[in-house]
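A look at the structure
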Amino acid sequence: DVKVTQSSRYLVKRTGEKVFLECVQDMDHENMFWYRQDPGLGLRLIYFSYDVKMKEKGDIPEGYSVSREKKERFSLILESASTNQTSMYLCASSFPQTYEQYFGPGTRLTVT
Amino acid sequence: AQSVTQLGSHVSVSEGALVLLRCNYSSSVPPYLFWYVQYPNQGLQLLLKYTSAATLVKGINGFEAEFKKSETSFHLTKPSAHMSDAAEYFCAVSDPGYSSASKIIFGSGTRLSIRP
């Protein structure tokens, strides 16, 4: 079974802190994705990566950056956390051309 | 541009009744279509997918969906609802502009409630 793990299920941070969310997949997928999920808005793509060290902005990249130094790991970075970044963050991975994405359990981040 | 519209943010049915969750899509090329389910405080799990083979697609937990090109629809159904089906359901469509990255676009979700 494909496994996508995220470093924390719940996280509480203060405004202005630098926040790291880690995602690891064990299926040798080339593609990895970070989404945020808010009630009524569905999933919105923040960033994605199609290869090591390659990244592309999604629909809502402002206030975020990413890092992919190894194929299995994709990190989301909040440079200076703000209260409007309080959300559920979901990581996913997939093979190219299959479009089928596998999701981690999510990290519920609260910024106070 | 590709888009997905899910009709109804909340659907409530009685246990044993038919479940029908509606999804319409817009795509400039033949799409791949997906339904995902999310149980409380969990990630998304693939229910079923359409990849240009049979138009009636069967998934897990007794769900199925029918691809109707003329109606640009991919509605999800289950003949008899069970209490364990209570969850949020997301329809999604492939975005061919990023084929090397297998990007997909999600609808806003439909929360399914089951009445005893």
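Here goes a summary of the coordinates provided.

What counts and what doesn't
- Residues numbered from 1 in each chain as written.
- Chains lettered and ligands numbered in written order.
- Predicted model: local features only at pLDDT ≥ 70, side-chain atom pairs only at ≥ 80, totals over all residues.
- Heavy atoms only, no water.
- Helix = DSSP H or I, 4+ residues; strand = E, 2+ residues; numbered from the N terminus.
- Rg over C-alpha atoms; globule rule 2.2 N^0.38 Å.
- Buried < 20%, exposed > 50% of the residue type's maximum accessible area, 1.4 Å probe, protein only.
- Contact = heavy atoms within 4.5 Å.
- Areas by Shrake-Rupley, 256 points an atom, 1.4 Å probe, with all protein chains shown as cover.
- Lys, Arg positive; Asp, Glu negative; His and termini not counted.
- Charge placed at Lys NZ, Arg CZ, Asp CG, Glu CD.
- Phe/Tyr/Trp six-rings, centres within 6.5 Å; stacked < 30°, edge-to-face > 60°.

Some points on the overall build of chain B
- Per the secondary structure count, chain B includes zero helices and 11 strands.
- The linear arrangement of helices and strands in chain B, starting from the amino end, is β-β-β-β-β-β-β-β-β-β-β.
- Here chain B has a C-alpha radius of gyration of 14 Å; the compact-globule value for 116 residues is 13 Å, and the two agree.
- A principal-axis box enclosing the C-alpha atoms of chain B has dimensions of 45 × 30 × 20 Å.
- Counting every position in chain B, which comprises 116 residues, the buried fraction comes to 45%.
- Restricting the contact set of chain B to residue pairs at least 6 apart, pairs at least 24 apart contribute 56%.
- When the accessible area of chain B is evaluated, it comes to approximately 5300 Å², of which 51% is carbon and sulfur surface.
- In chain B, which carries 9 positive and 7 negative side-chain charges, the distance between the mean positions of the two groups comes to 2 Å.

Points about the overall build of chain A
- For chain A, the count of helices and strands is zero helices and 11 strands.
- Going residue by residue from the N terminus, the α and β elements of chain A occur as β-β-β-β-β-β-β-β-β-β-β.
- Against the 2.2 N^0.38 benchmark of 13 Å for 112 residues, chain A shows a C-alpha radius of gyration of 13 Å, consistent with a compact globule.
- Here the C-alpha coordinates of chain A stretch approximately 40 × 25 × 25 Å along the principal axes.
- Counting across all 112 residues of chain A, residues that qualify as buried make up 48%.
- A separation threshold of at least 6 residues defines the contact pool for chain A, and within that pool the share at least 24 residues apart is 55%.
- For chain A, the exposed surface amounts to about 5300 Å²; the carbon and sulfur share of it is 50%.

Thoughts on the packing of aromatic side chains
- Inspection of the entire model under this criterion finds 14 aromatic pairs over all chains.
- An angle of 90° between the planes, with centres 5.5 Å apart, marks the rings of Y35 of chain A and F106 of chain B as edge-to-face. With Y35 of chain A in strand β4 (residues 31-38) and F106 of chain B in strand β10 (residues 104-106), the pair connects residues from two separate chains. The residues Y35 of chain A and F106 of chain B share a single accessibility class, namely buried.
- Seen from their ring centres, Y50 of chain B and F67 of chain B are 4.1 Å apart, and the 15° between their planes marks the pair as stacked.

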